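# Examining the three-dimensional arrangement
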Amino acid sequence: MADVLPSPATGSIIDGVHYYAVRAFYEDTDLSGIVYHANYLRWFERARSDLLDCIGVDQRAAMEAGEGVYSVADLSIRYKAPAKLADAVTLETRVKRIGKASCELNQRAMRGDTLLAEMDVRVGFVSPDGRPRRQPDAWLAAFETVTPTLQTES
């Protein structure tokens, strides 16, 4: 068997929840070995980006075509317990609501059964000049494949 280089990590969608695994590396921690609070935002962003990849939403192609991209409009994060150096952390992403120009998601960082942090985030689809715009119909349809019972707003 030939040697094969590893591929970048990817998540999985199970019962409408996207799961993405990370490990807390030294660079993620402060001097005490605790994951620095801002790194949860980076992890959550990776998980959201991977969710989009998993459902076939290509933000890069949309950006290069001049259509637009998602941009964080607001978020609220709650820290519950610290992640530490070498911890395996699973990021869970659930779609809460899909609007014509925005998406609301809930994300949780878990170490086993322990909730480390939870974030609610709203992203808006914006044109290259930063103005809100309706997201592509194909993207709306892609989200329905993740959560078939989800109602989109009119």
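Residues numbered from 1 in each chain as written. Predicted model: local features only at pLDDT ≥ 70, side-chain atom pairs only at ≥ 80, totals over all residues. Heavy atoms only, no water.

Our next topic: helix α1 (residues 37-54). Residues separated by three or four positions in an α-helix point in the same direction, a consequence of the helix having 3.6 residues per turn. The end-to-end C-alpha distance of α1 is 27 Å, a good match for the 26 Å that 18 residues give at a rise of 1.5 Å each. Note on α1: the residue one or two positions beyond its end, Gly56, has a positive phi of about 85°. (Helix = DSSP H or I, 4+ residues; strand = E, 2+ residues; numbered from the N terminus. Expected span 1.5 Å × (residues − 1).)

A cluster of nonpolar side chains, contributed by Leu41, Val72 and Leu75, occupies part of the molecular surface with about 220 Å² of accessible area. Residue placement: Leu75 occurs in strand β3 (residues 69-79). Residue classification places Leu75 among the partly exposed residues on the basis of a relative accessible area of 39%. (Patch = residues over 30% accessible without salt bridge, like charges linked within 9 Å, V, L, I, M, F, W, Y side chains within 5 Å. Areas by Shrake-Rupley, 256 points an atom, 1.4 Å probe, with all protein chains shown as cover. Salt bridge = Lys/Arg side-chain N within 4 Å of Asp/Glu carboxyl O. Buried < 20%, exposed > 50% of the residue type's maximum accessible area, 1.4 Å probe, protein only.)

With that settled, consider the state of the cysteines. Inspection of every chain in the model, using the stated rule, returns 0 disulfides. Unpaired in this structure, Cys54 has its nearest cysteine sulfur neighbour in Cys103, at a distance of 15 Å. Given a relative accessible area of 33%, Cys54 falls into the partly exposed group. (Disulfide = S-S within 2.5 Å.)

Once that is clear, we can look at the packing of aromatic side chains. The description of an aromatic ring pair uses the distance of the two centres, along with the angle that the planes make with each other. Per the stated rule, a full pass over the model turns up 5 aromatic pairs. With centroids separated by 5.5 Å and ring planes inclined at 70°, the aromatic side chains of Tyr40 and Trp43 adopt a geometry described as edge-to-face. Here Tyr40 and its partner Trp43 are both found in helix α1, 3 residues apart, which amounts to about one turn of the helix. When its relative accessible area of 3% is taken as the criterion, Tyr40 is described as buried. On the basis of relative accessible area, Trp43 is assigned to the buried category, the value being 1%. Ring geometry for Tyr70 and Phe125: centres 5.9 Å apart, planes at 80°, overall edge-to-face. Here Tyr70, found in strand β3, pairs with Phe125, found in strand β6 (residues 114-126); they are 55 residues apart in sequence, far enough to count as distant. Across this residue pair, the class does not change: Tyr70 and Phe125 are buried. Among the aromatic residues, those joined into a ring-pair cluster are Tyr40, Trp43 and Tyr79. (Phe/Tyr/Trp six-rings, centres within 6.5 Å; stacked < 30°, edge-to-face > 60°.)

Another point: the environment of Lys100. Mapped onto the secondary structure, Lys100 falls in the loop between β4 (88-98) and β5 (102-111). The exposure class assigned to Lys100 is partly exposed, which follows from its relative accessible area of 41%. Counting along the chain gives 27 residues from Lys100 to Ser127, while the straight-line C-alpha distance between them is 14 Å.

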